Amino acid sequence: MFKMIIKIFTTELLQIKKDQRTIIAMFILPILMIPAILGLAFSEDNRVEIVCVFKSDSILQNIISNSSLAKKYSFIIKKEINENTIEDYLLLELNNNEIILLISSQNNKYDFVAKDFQEFFNKQSNIDFNIQENISIDSTFKTNYLDERLESVYSGLYTVIIIFLIVCFSGPALVSADISAGEKERKTLESLLLTKCPIKNIIIGKYLTVLLFSFIPLTTGIIIMYITAYIFNTGILYLQNVNLVVKLIFPYCIFMSAFLLKNGFKAKTIRAAKSTESLFFVFILIVNIFMIINSINIPIIHIIPIVNTIYFSLNGTISNNLYLLYLLSYLFFAYLLLKKTYKLLNSEDVFYSEN
Amino acid sequence: MIELNHISKIFYPKKYKSQGYKSLDDINLEILPGQIVGLIGLNGAGKTTLLKLIAGLYKPTYGEISIKVSYVKDYRVSMLSSEQGLYNHLSVKQLVDYFGTLQNKDFSYQDNDTKILIDYLKIESVFDKQISTLSSGWRQKVLILLSFINNPDIILLDEPSNYLDFQGQKQLNTLIIEAKKRNKYIVYASHNLFEIERIADSIIFIHQGRVIFYKDKAKLYQEEKINNPETTLIDIIKRQVPDV
């Protein structure tokens, strides 16, 4: 079985090797685009803002719970800093390489200093603190310290993820059309099916090829992101976002490869396959625009492929439980698509199906 | 035995909408081993569809196909068509190796049967060449090699002599006759009536998706040539279907 799969995989690689422009584009695209965007996003002020407010019952908590962005990042760190001084709550908000600490204090006294935070951040020498004391919580507070931060999420992490959505789609799209619809166009599919090689093996071999070409731009992009992080000295918090990109895009690649393979076998010609892929590409863009305009937060959004990736990239975070759901939903839909491909290849529809 | 019982095949492409296009209509056939069955018919008569149904690439809309190869449990089918494509980016050697792996066989050049076949078809000279650089004749020879290399039990040939020179045609005929001697099932579809007259043991004539006749060649000639010894296959066909 493995011998057959490996043989199909290597033979497809030989086929793709002919089209060197596609392979080069898969490397070049992330190399050029990611540093340019990240460079712009992270060349801004990266000081840590510490905003100290008085304890005023649960006003701070109300603000946190009313802010769709802030509550995603909130957690209590009072013990780690100074148990005696900070009365009840700390909010840590991370936007790419930005940190805002909102501190609610019991009295009008701040006896903690920057070095406390320094210790908390594992002595990150590149973090510069900007402490603003005695900020009152009024109508401008939310706008100044919470809502404005949303824009940097849009421009930073979100943009990077959108690039990955595009490059991890367009590269394998060319490959999948060639190895699936191309078999029909070149009239080799009949010979292939007549070999009595289990269809399952044919699908796995071809799927692995598409998956490989989906991971090439992802891997290149991730390496470039780390290099960019090193150049711009963005620190550990930025690298956490790199991890989020990997977490969000990896399942997307698994799903997208299955989708592209199925689409390829459904199409009669390479051209027809590419035409459907273009439509799907437009669909991704429309979903993006829709998600930016409408801030939707319904539970079902977590299990709808692509929509969920955009949703979590806009939010800039994903909890472990939600990530499990996210991963499972992508795996489930990828499995469904591969099963449909199997069904298609098992039926004669594969010879004359059209888009 | 290959048995086709009331086989009909209807395609439903978009342009025909719900009605569909009937390619084969109520076909009943019995194909025996060790016989070369010639399949003739006009363009679009349903010859290729019939071959693809036997190969298992298509499934009948109505009816049933039963294939029982007495001496093996898991029979092998090969189909050779002049329209068939090849993997242009591979060399002949890589292609043979690829198909060998997919059929769970090692078609290495050292294998005796493979060597005999390659030597016989004189393919050795192009063995390391890329398929895309080969002429149509050589490509057809490579297809013949792939069709016979796995010692198939059912051999379906659709215009197999296209692009072949006289040497290639002779080689093909020899391979077919060898397969016949080994009691294989052979269906040979062609437009070339002389070819069919020469090689087939029995002849199927399909017209507009229906079998007009399926007879043993000797019997067919015996019946039709009673009055005129000069009668050819084309005359027999014209008698059955005057508008051909």
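Not measured: the values here are computed from a predicted model. (Residues numbered from 1 in each chain as written. Chains lettered and ligands numbered in written order. Predicted model: local features only at pLDDT ≥ 70, side-chain atom pairs only at ≥ 80, totals over all residues. Heavy atoms only, no water.)

## Looking at the pattern of salt bridges
Residues and elements named next belong to chain B. Applying the stated criterion across every chain, the model contains 12 salt bridges over all chains. A salt bridge links Asp153 to Lys184, with the shortest nitrogen-to-oxygen separation between them at 3.8 Å. Of the two residues, Asp153 sits in the loop between helix H4 (136-148) and strand E6 (154-158) while Lys184 sits in the loop between helix H5 (166-181) and strand E7 (185-189), which places them 31 residues apart along the sequence. Taken as a pair, Asp153 and Lys184 share a single burial class, namely buried. (Salt bridge = Lys/Arg side-chain N within 4 Å of Asp/Glu carboxyl O. Helix = DSSP H or I, 4+ residues; strand = E, 2+ residues; numbered from the N terminus. Buried < 20%, exposed > 50% of the residue type's maximum accessible area, 1.4 Å probe, protein only.)

## Thoughts on the sheet that holds strand E2 (residues 21-31) of chain B
Residues and elements named next belong to chain B. Pairing is antiparallel in the open sheet, where 3 strands are placed in the order E2-E1-E4. If you trace the sheet from one side to the other, it starts and ends with E2 and strand E4 (62-67), each paired once. The mean angle between the axes of side-by-side strands here comes to 20 degrees, regardless of whether they run parallel or antiparallel. Summarising the sheet, strand E1 (residues 2-11) and E4 pair through 5 bridges and their orientation is antiparallel. Opposite Glu3, over in E4, you have Ser66 as the bridge partner. (Pairing = 2+ DSSP bridges. Axes fitted to C-alpha atoms, helices over the stretch in contact; angles between N-to-C directions.)

## Focus on the side chain of Asn308 of chain A
Looking at where Asn308 of chain A falls in the secondary structure, it is placed in helix H13 (residues 307-315). Other than its neighbours up to four places away in sequence, Asn308 of chain A contacts Ile301, His302, Ile303, Tyr326, Ser329 and Tyr330 of chain A. (Contact = heavy atoms within 4.5 Å.)

## Here's the deal with the packing of helix H12 (residues 270-293) of chain A against H13 of chain A
All names here are of chain A. Look at H12 against H13: their axes get within 10 Å of each other, and the N-to-C directions meet at 40 degrees. Viewed along their axes, H12 and H13 adopt a mutual orientation that is oblique. Classified by chirality, the crossing of H13 by H12 is right-handed. Counting all contacts with H12, which are made through Ile284, Val287, Asn288, Met291 and Ile292, the residues of H13 involved are Val307, Ile310, Tyr311 and Leu314. (Parallel < 35°, antiparallel > 145°, perpendicular 65-115°, else oblique. Left-handed = near helix turned anticlockwise from the far one by under 90°.)

## Considering the confidence of the model for chain B
Residues and elements named next belong to chain B. Across chain B, pLDDT averages 86, with 92% of residues at or above 70. When the elements of chain B are averaged for pLDDT, helix H7 (residues 217-224) gives the smallest value, 79, and E7 the largest, 94. For this predicted complex, the interface score ipTM comes out at 0.85, alongside a pTM of 0.78. (pLDDT = per-residue confidence, 0-100.)

## Quick notes on the sheet that holds E6 of chain B
Residues and elements named next belong to chain B. Within the open sheet, the 6 strands sit side by side as E5-E6-E7-E3-E8-E9. Their pairing is mixed. Each edge of the sheet is formed by a strand with only one pairing partner; in this case those strands are strand E5 (77-81) and strand E9 (210-216). Taken pair by pair, the neighbouring strands of this sheet meet at an average axis angle of 15 degrees, ignoring direction. Judged from the 5 bridges that link them, E5 and E6 form a sheet pairing that is parallel. Directly across from Ser81, in E6, lies its bridge partner Asp158.

## Quick notes on the nonpolar core
Residue and element names in this part refer to chain A. Core analysis: the largest hydrophobic core is formed by 149 residues, its most contacted members being Phe164, Ile249, Tyr252 and Met256. The element that contributes the greatest number of residues to this core is helix H11 (residues 236-266), accounting for 15 residues. Discounting residues that sit within four places of it in the chain, Tyr252 has contacts with Phe164, Leu165, Cys168, Phe169, Ile284, Ile306 and Tyr330. In this structure, Ala177, Ala181, Ala267 and Ala273 belong to the second largest nonpolar core, which totals 5 residues. (Core = buried A, V, L, I, M, F, W, Y, C linked by side-chain atoms within 4.5 Å.)

## Let's talk about a positive patch on the surface
All names here are of chain A. Taken together, the side chains of Lys266, Lys339, Lys340 and Lys343 make up a positively charged region of the molecular surface. In terms of residues, the positive patch owes the most to one element, helix H14 (residues 320-346), which gives 3 residues. Here Lys339 shows up in helix H14. Classification of Lys339 by relative accessible area gives partly exposed; the value is 47%. (Patch = residues over 30% accessible without salt bridge, like charges linked within 9 Å, V, L, I, M, F, W, Y side chains within 5 Å. Areas by Shrake-Rupley, 256 points an atom, 1.4 Å probe, with all protein chains shown as cover. Lys, Arg positive; Asp, Glu negative; His and termini not counted. Charge placed at Lys NZ, Arg CZ, Asp CG, Glu CD.)

## Thoughts on the packing of H7 of chain B against helix H8 (residues 233-240) of chain B
All names here are of chain B. Relative to each other, H7 and H8 sit at 70 degrees, their axes nearing to 11 Å. It follows from the interaxial angle that H7 and H8 lie roughly perpendicular. Contacts between H7 and H8 involve Leu220, Tyr221 and Glu224 on the former and, on the latter, Leu233, Ile236, Arg239 and Gln240. Per-class residue counts for the contact of H7 with H8 are 4 nonpolar, 1 polar and 2 charged. (Nonpolar A, V, L, I, M, F, W, Y, C, P; charged D, E, K, R; others polar.)

## Looking at the interface of chain A and chain B
Listed by partner, the interface residues are 26 residues for chain A and 28 residues for chain B. Summing the contributions of chain A and of chain B, the shared interface buries around 2,600 Å²; its carbon and sulfur component is 59%. By the criterion of area lost to chain B, the three top residues of chain A are Lys7, Leu194 and Glu348 of chain A, representing 23% of everything that side buries. Between the two partners, chain A and chain B, sit 3 salt bridges. For Glu348 of chain A, the salt bridge goes to Lys9 of chain B, with nearest N and O atoms at 2.1 Å. On the surface where chain A and chain B come into contact, there are 10 residue pairs in polar contact (both at pLDDT 80 or more). (Buried area = accessible area lost by both parts, 1.4 Å probe. Polar contact = N/O pair within 3.5 Å; in protein donor to acceptor, adjacent residues only side chain to side chain.)

## Things to note about the packing of aromatic side chains
Within this structure, the stated rule accounts for 16 aromatic pairs over all chains. Geometrically, the ring pair formed by Tyr326 of chain A and Tyr330 of chain A is edge-to-face, given 5.1 Å between the ring centres and 80 degrees between the ring planes. Highlighted residues: Tyr326 of chain A and Tyr330 of chain A, both in helix H14, separated by 4 residues, approximately one helical turn. Exposure remark for Tyr326 of chain A: the relative accessible area of 0% places this residue in the buried category. Among the aromatic side chains, those forming a connected cluster through ring pairs are Phe255, Tyr311, Phe312, Tyr323, Tyr326 and Tyr330 of chain A. Over the ring of Tyr323 of chain A we find Lys247 of chain A, and its NZ or CZ is 5.0 Å from the ring centre. Here Lys141 of chain B stacks its cationic end above the ring of Trp138 of chain B, 4.8 Å away from the centre of that ring. (Phe/Tyr/Trp six-rings, centres within 6.5 Å; stacked < 30°, edge-to-face > 60°. Lys NZ or Arg CZ within 6 Å of the ring centre and 35° of its normal.)

## Considerations on the environment of Ile5 of chain A
Take Ile5 of chain A: it is sitting in helix H1 (residues 2-17). Residues Ile5 of chain A and His302 of chain A, 297 residues apart in the sequence, show an inter-C-alpha distance of 33 Å.

## Points about H5 of chain B
Residue and element names in this part refer to chain B. The end-to-end C-alpha distance of H5 is 23 Å, a good match for the 22 Å that 16 residues give at a rise of 1.5 Å each. For H5, the full list of buried residues reads Gly168, Gln171, Leu172, Asn173, Leu175, Ile176 and Ala179. Where H5 ends, the next residue or the one after it, Asn183, has phi of about 65 degrees, a positive value. (Expected span 1.5 Å × (residues − 1).)

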